[in-house]
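So the chains spell out like this:
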Amino acid sequence: MSLHDDAVLVLKNYEDQEELRQAYLDHLEAHPDGTWKSCHAGHITASALVVDPERGRVLLTLHRKLRMWLQMGGHCEPGDASLEAAALREATEESGVGGLTLLPGGPVRLDRHPIPPPCHVHFDVQYAVLAPPDAVHAVSDESIDVRWFAYDEVADVADESVVRLLEATRARL
């Protein structure tokens, strides 16, 4: 199965955010290359919120280009067999944490946001991943910093999309 087909299947089975979900499906129908960065009309991205539920905290990255505290994530790559695989790869690469596991149940949320040209739009499929006990993180080339934040600190440092992702993740835990 291609990454495009996986994305369509994931989105067809996603039950929340109906209007946004349909916009994602319409985009993929109109753009066979809609999962790749080269699709300048916008493209699917995969991200994951790294969660340590035992300690009530999440790991965020201070994104080098955007200068914002965000969940880990980014563009799909040819080696990604699925959106889940892309989200898990991105979370592992950007956090430096080994042994991350996906929170069961598929995507937690969808978030569409504008990006400076040439990309224009990211259709982000957001997952959550669980960190192993005593996870050790590292700063990647894409980050200025990587830091743990208590659940109640996230609204003070991150934008509403991260806060909504955290709320949806906590509801699923």
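Residues numbered from 1 in each chain as written. Predicted model: local features only at pLDDT ≥ 70, side-chain atom pairs only at ≥ 80, totals over all residues. Heavy atoms only, no water.

J.: Hey, could you go over the packing of aromatic side chains for me, with residue numbers and the actual values?
T.: Under the criterion given, the structure shown has two aromatic pairs. Considering the side-chain rings of Tyr-24 and Phe-123, the 5.2 Å spacing of their centres and the 85 degrees angle between planes classify their relative orientation as edge-to-face. Here Tyr-24 is found in helix H2 (residues 18-30), whereas its partner Phe-123 is found in strand S7 (residues 120-130), with 99 residues between them in sequence. For Phe-123, a relative accessible area of 7% gives the class buried. Judged by centre distance (4.9 Å) and plane angle (75 degrees), the ring pair of Trp-69 and Phe-149 falls under edge-to-face. One end of the pair, Trp-69, is in strand S3 (residues 69-70); the other, Phe-149, is in strand S8 (residues 143-150), with 80 residues separating them in the sequence. Each member of the pair Trp-69 and Phe-149 is classed as buried. The cationic tip of Arg-57 hangs over the ring face of Trp-148; the distance from NZ or CZ to the ring centre is 4.0 Å. (Phe/Tyr/Trp six-rings, centres within 6.5 Å; stacked < 30°, edge-to-face > 60°. Helix = DSSP H or I, 4+ residues; strand = E, 2+ residues; numbered from the N terminus. Buried < 20%, exposed > 50% of the residue type's maximum accessible area, 1.4 Å probe, protein only. Lys NZ or Arg CZ within 6 Å of the ring centre and 35° of its normal.)

J.: Explain the pattern of salt bridges to me, and be specific about the residues and the numbers.
T.: Here the structure, examined in full by the defined rule, presents nine salt bridges. Measuring nitrogen to oxygen at the nearest pair gives 2.8 Å for the salt bridge that ties Glu-18 to Arg-21. Remark: Arg-21 and Glu-18 occur in helix H2; sequence separation between them is three residues, near one turn of the helix. Overall, Arg-21 belongs to the buried group, its relative accessible area being 11%. Connected through shared salt-bridge partners, Glu-77, Asp-80, Arg-89, Glu-90 and Glu-93 make up one network. (Salt bridge = Lys/Arg side-chain N within 4 Å of Asp/Glu carboxyl O.)

J.: So, the pairing of S7: which residues are in play, and what are the values?
T.: Extensive coverage of S7 is indicated by the burial of eight of its eleven residues. As defined by bridge partners, strand S1 (residues 43-52) adjoins S7 across nine bridges and the pair is classed as parallel. Within the sheet, the bridge partner assigned to Ser-47 lies in S7 and is Gln-126. Two strands pair when backbone bridges link them, and strand S5 (residues 101-102) and S7 are joined in this way by two bridges, in the antiparallel orientation. Each residue of the ladder has a partner; that of Thr-101, found in S7, is Leu-130. In the sheet, strand S6 (residues 109-115) pairs with S7 via seven bridges, with the strands oriented antiparallel. Following the sheet pairing, Ile-115 is matched in S7 by His-120. (Pairing = 2+ DSSP bridges.)

J.: Which residues make up the environment of Val-8, and what values do they have?
T.: Mapped onto the secondary structure, Val-8 falls in helix H1 (residues 3-13). A sequence separation of 27 residues divides Val-8 from Thr-35, and the C-alpha atoms of the two residues are 10 Å apart. Those residues in contact with Val-8 that lie beyond four places of it in its chain are Leu-25 and Leu-28. (Contact = heavy atoms within 4.5 Å.)

J.: Describe H1, listing the residues and the values that go with them.
T.: Three- or four-residue spacings in an α-helix give side chains the same orientation, since the helix completes a turn every 3.6 residues. For H1, the full list of buried residues reads Leu-3, His-4, Asp-6, Ala-7, Val-8, Val-10 and Leu-11. The inward-facing, buried residues of H1 contact H2, helix H3 (83-95), S6 and S7.

J.: Explain the confidence of the model for the chain to me, using residue names and the numbers behind them.
T.: Summarising the model, the chain shows a mean pLDDT of 95, and 100% of its residues fall at 70 or more. By mean pLDDT, S6 is the weakest element of the chain at 92, and helix H4 (residues 154-157) is the strongest at 98. (pLDDT = per-residue confidence, 0-100.)

J.: I'd like a description of H2, backed by residues and values.
T.: With 13 residues, H2 ought to run about 18 Å at 1.5 Å a step, and its terminal C-alpha atoms sit 18 Å apart, in line with that. All buried positions along H2 are accounted for by Leu-20, Arg-21, Ala-23, Tyr-24, Leu-25, His-27 and Leu-28. If you follow the buried residues of H2, they end up packed against H1, S1, S6 and S7. (Expected span 1.5 Å × (residues − 1).)

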